[in-house]
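Each chain is listed here by its residues.
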Amino acid sequence: MSADKPSTALTSRQQVAVVVLAAALVGAVLAPSVYAATNEPSDTVAVVEIEGPVNTALADDVESELADIRANESVGAVVLKLDTPGGAPVASERMYKAVQRTSEDMTVIASVQSISASGGYYAMAPADEIYVLPTSTVGSIGLNAPAPRASSTALGPSGPDKAGSNPTQAWAEQQTLADTFINAMMAERSDEFEMPREEVAKADTYLGTEAVQNGFADEIGSLNEAIHAAATEEELGEYTVDTRETGQEFGIPFLVRTDTGIVAIHANDPGYADVKPMPSTYVYTPAVPHVDTIERFSETDVRTGGAASTERGTPGNETARLSGGVGA
């Protein structure tokens with residue numbers, strides 16, 4: 001090489017510097033996409049919160065959320081986070097059907113917090129597994145309804161229901177509701193229950209530790225453990241948790257308990273028309289809050305808008321019989 005011609009060759013130190021610079025540039029360009037590929041979860045566990053008394057508003061939301069989850073390809077499993085004493089029969093069954101439909105598509109695990117009884121237990125029964133805390137309360141499989149009263153059958157122009165209530169038919173309908181609940185539970189968990197149908201139908205409740213032993217629940221575990229179990233069952237690997245709230249309408253209508261029975265409140269400052277007795281419920285009565293200030297309302301008051309006697313056993317106090325009956 002001529003001494004008077006500048007060299008274009010790179011020294012070994014310069015070559016190393018060029019390689020390092022190139023690597024840095026490539027890293028700056030590709031790092032975000034590489035990080036996303038290795039750190040962004042590829043699947044989701046949806047946690048559906050079911051809290052408060054079971055009513056139409058709650059059932060609407062649960063049905064809507066579960067339908068959206070089934071249509072969302074990124075969701076691989078569902079966990080139901082439950083804290084409910086139960087409630088209206090129709091709303092409970094609607095939620096039961098929605099959970100049943102979802103469990104056909106993916107793993108569904110129920111995680112009971114404080115309580116999931118009566119209609120709440122009905123709704124979660126189709127889940128693949130039920131997780132409880134040691135102090136959770138589950139069970140109360142039965143119907144809270146009035147016992148039959150001795151009275152003559154009301155007659156109408158063309159049938160017994162045309163001119164008034166028919167106690168015989170009302171009792172039969174209540175028994176049908178109770179049997180529907182019990183039949184569904186036996187279909188879902190007969191292999192898990194460590195007791196015959198007659199015992200299941202007594203509407204007893206159990207703490208979490210006992211529930212695992214008698215088949216009313218499957219595992220002792222927290223919400224996080226239920227989420228992990230659902231993800232593991234679906235082999236999700238890395239996943240995110242998508243929490244979905246339901247029934248966010250300030251709990252209206254909500255249930256309260258008086259000395260005369262269960263009623264639904266449809267306003268924050270209720271009048272006669274806002275307080276409606278619920279003669280038939282899938283509800284665990286002790287878990288429903290007791291309210292003294294509306295005990296003067298009765299079934300007759302609500303229907304007529306008039307005042308009634310507060311004495312037990314008077315004609316105006318029909319709800320005095322609402323706390324007994326089929327189931328519990």
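This structure is a prediction, so every number in the text was calculated from the model and none was measured.

**What to know about the packing of aromatic side chains**
The geometry of an aromatic ring pair is captured by the separation of the ring centres together with the interplanar angle, meaning the angle of the planes. Considering all chains together, one arrives at seven aromatic pairs under this definition. Measuring from centroid to centroid gives 4.6 Å for Phe 181 and Tyr 282, while their planes differ by 55°, and the two rings are tilted. Within this pair, whereas Phe 181 is found in helix α5 (residues 167-189), its partner Tyr 282 is found in strand β13 (residues 282-283), the two being separated by 101 residues in sequence. One aromatic cluster is present, formed by Tyr 96, Tyr 122, Phe 181 and Tyr 282 through successive ring pairs.

**A look at unusual backbone geometry**
With phi around 55°, Ser 118 is a residue other than glycine that occupies positive phi space. Relative to the helices and strands, Ser 118 resides in the loop between β4 (107-117) and α4 (119-124). Ser 118 sits in the buried class, given a relative accessible area of 0%. Phi angles above zero are rare outside glycine, and Ser 140 is one such case at about 60°. Along the polypeptide, Ser 140 turns up in the loop between β6 (137-139) and α5. The exposure class assigned to Ser 140 is buried, which follows from its relative accessible area of 0%.

Here is what the cut-offs are and how they apply
Residues numbered from 1 in each chain as written. Predicted model: local features only at pLDDT ≥ 70, side-chain atom pairs only at ≥ 80, totals over all residues. Heavy atoms only, no water. Phe/Tyr/Trp six-rings, centres within 6.5 Å; stacked < 30°, edge-to-face > 60°. Helix = DSSP H or I, 4+ residues; strand = E, 2+ residues; numbered from the N terminus. Buried < 20%, exposed > 50% of the residue type's maximum accessible area, 1.4 Å probe, protein only.

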